[in-house]
Amino acid sequence: MKQRVVSLVPAATEIVCALGRGRQLAGRSHACDFPPEIQALPVCVTTRISGQANVAAINAAVQAGGPIFQIDLAALASVQPDLILTQGQCGVCAIGQAEVESAIAQLPGPRPQIVALSAARVAGLWDDIAAVAAALGAQKEGRELLSILKNRVVDILQKTCAFKRRQTVACLEWLDPLMGAGNWMPELVEFAGGNDVFGVAGQHSPWISGSELAAKNPEVIVLLPCGFDLPRARREAATLLAHADWRRLRAVKSGQVYLADGNRYFNRPGPGLVDSLEILAEILWPRLFSFSQHRQGWQKA
């Protein structure tokens with residue numbers, strides 16, 4: 001009998017589907033939206049933050065404290081999962097392992113297995129894919145997927161590793177207040193042939209001030225607000241882009257400010273991180289790389 005899988009984090013959902021096991025998914029979180037066909041699955045996690053709230057309102061809600069997510073016990077019980085995929089990386093982005101363990105203790109019947117993803121660097125993505133593949137009994141598919149993804153990374157590294165000059169890059173994961181992009185993002189920037197001026201690989205994303213951004217004055221700025229697609233990123237960035245201090249930045253003057261679909265790519269430590277690397281390479285070195293991501297994964301601001 002096939003395992004019934006509930007994924008409570010978008011990256012895990014994407015990994016399951018990339019392994020060819022999407023039909024085993026029996027439930028998802030409110031944020032799981034790719035691939036599109038999984039949106040018909042029962043939602044087992046909800047959030048108290050409105051999906052229409054702007055960046056300032058979302059930040060205020062987070063700073064106010066209290067639980068951001070809630071497991072729908074009735075929905076979870078109804079799908080009777082054998083395996084639950086969650087995460088242990090960011091309590092603001094998705095529900096964590098402790099909350100899942102507390103919830104399943106209230107369910108009748110056998111306890112489902114829990115696998116918590118915790119990628120903070122690119123190598124962690126490889127580990128998470130292998131862990132999900134092992135839990136699904138899909139080790140062969142896992143090895144094949146890892147080979148494909150790693151080869152795409154190597155294809156870029158073969159060109160960028162010898163660069164003597166790298167553009168300075170600021171990736172902003174939040175816009176009010178400003179936040180740089182940490183975890184896997186500094187590595188992706190490096191792999192793409194850039195030099196990240198704020199993030200530190202494997203460490204949480206840092207809050208930064210406007211004066212710090214001005215002091216670094218990067219050559220390229222990429223806006224990839226967490227959880228926002230391209231149209232919403234453009235709406236939320238409008239105030240920032242109109243600010244007088246912003247217009248003095250070197251990247252702004254040279255037309256090197258870009259919007260990216262953080263929700264689909266950069267914010268999720270799933271297979272889409274390799275697409276994210278390709279987007280960065282395409283932005284930084286358009287004469288060397290073209291992955292047809294323009295307008296879909298990124299746009300000029």
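Residues numbered from 1 in each chain as written. Predicted model: local features only at pLDDT ≥ 70, side-chain atom pairs only at ≥ 80, totals over all residues. Heavy atoms only, no water.

(A) Structural detail: the nonpolar core. Counting 55 residues, the largest nonpolar core has Trp126 and Met185 as the members making the most contacts within it. The element best represented in this core is helix α13 (residues 272-284), accounting for eight residues. Non-local contacts of Met185, meaning those with residues more than four positions away in its chain, are made with Cys171, Asp196, Leu224, Phe266 and Leu280. Phe198, Leu213, Ala237 and Leu249 belong to the second largest nonpolar core, which has 19 residues in total. (Core = buried A, V, L, I, M, F, W, Y, C linked by side-chain atoms within 4.5 Å. Buried < 20%, exposed > 50% of the residue type's maximum accessible area, 1.4 Å probe, protein only. Helix = DSSP H or I, 4+ residues; strand = E, 2+ residues; numbered from the N terminus. Contact = heavy atoms within 4.5 Å.)

(B) View of the sheet that holds strand β2 (residues 25-29). The strand order across the open sheet built from six strands is β4-β3-β2-β1-β5-β6, with neighbouring strands paired in mixed fashion. Edge positions in the sheet fall to β4 (69-71) and β6 (113-117), since each of these pairs with one other strand and no more. Going from strand to strand, the sheet's axes swing by 15° on average, the running direction of each strand aside. Here three bridges tie strand β3 (residues 43-47) to β4, and the two strands are oriented antiparallel to one another. When the sheet's bridge partners are listed, Thr46 is paired in β4 with Gln70. (Pairing = 2+ DSSP bridges. Axes fitted to C-alpha atoms, helices over the stretch in contact; angles between N-to-C directions.)

(C) Inspection of the packing of aromatic side chains at higher detail. Taken as a whole, this structure holds four aromatic pairs when the rule is applied. Seen in terms of ring centroids, Tyr258 and Trp298 are 5.6 Å apart; in terms of plane orientation they differ by 75°. Their pairing is edge-to-face. One end of the pair, Tyr258, is in strand β11 (residues 257-260); the other, Trp298, is in strand β12 (residues 298-300), with 40 residues separating them in the sequence. The same class applies to Tyr258 and to Trp298, which are both buried. Arranged with centres 6.0 Å apart and planes meeting at 15°, the rings of Phe289 and Phe291 form a pair that is stacked. Looking at Phe291, the relative accessible area reads 28%, which means it is partly exposed. Lying over the aromatic face of Phe34, Arg264 brings its terminal NZ or CZ to 3.5 Å of the ring centre. (Phe/Tyr/Trp six-rings, centres within 6.5 Å; stacked < 30°, edge-to-face > 60°. Lys NZ or Arg CZ within 6 Å of the ring centre and 35° of its normal.)

(D) Representation of the packing of helix α6 (residues 139-160) against α13 within the structure. One way to put it is that α6 packs onto α13 with a least axis distance of 10 Å and a crossing angle of 15°. Judged by the angle between their axes, α6 and α13 are roughly parallel. In this structure, α6 meets α13 at a crossing whose hand is left-handed. Facing α6, whose interface residues are Leu149, Arg152, Val153 and Ile156, α13 presents Val274, Asp275, Leu277, Glu278 and Ala281. Split into classes, the residues belonging to the contact of α6 with α13 amount to six nonpolar, no polar and three charged. (Parallel < 35°, antiparallel > 145°, perpendicular 65-115°, else oblique. Left-handed = near helix turned anticlockwise from the far one by under 90°. Nonpolar A, V, L, I, M, F, W, Y, C, P; charged D, E, K, R; others polar.)

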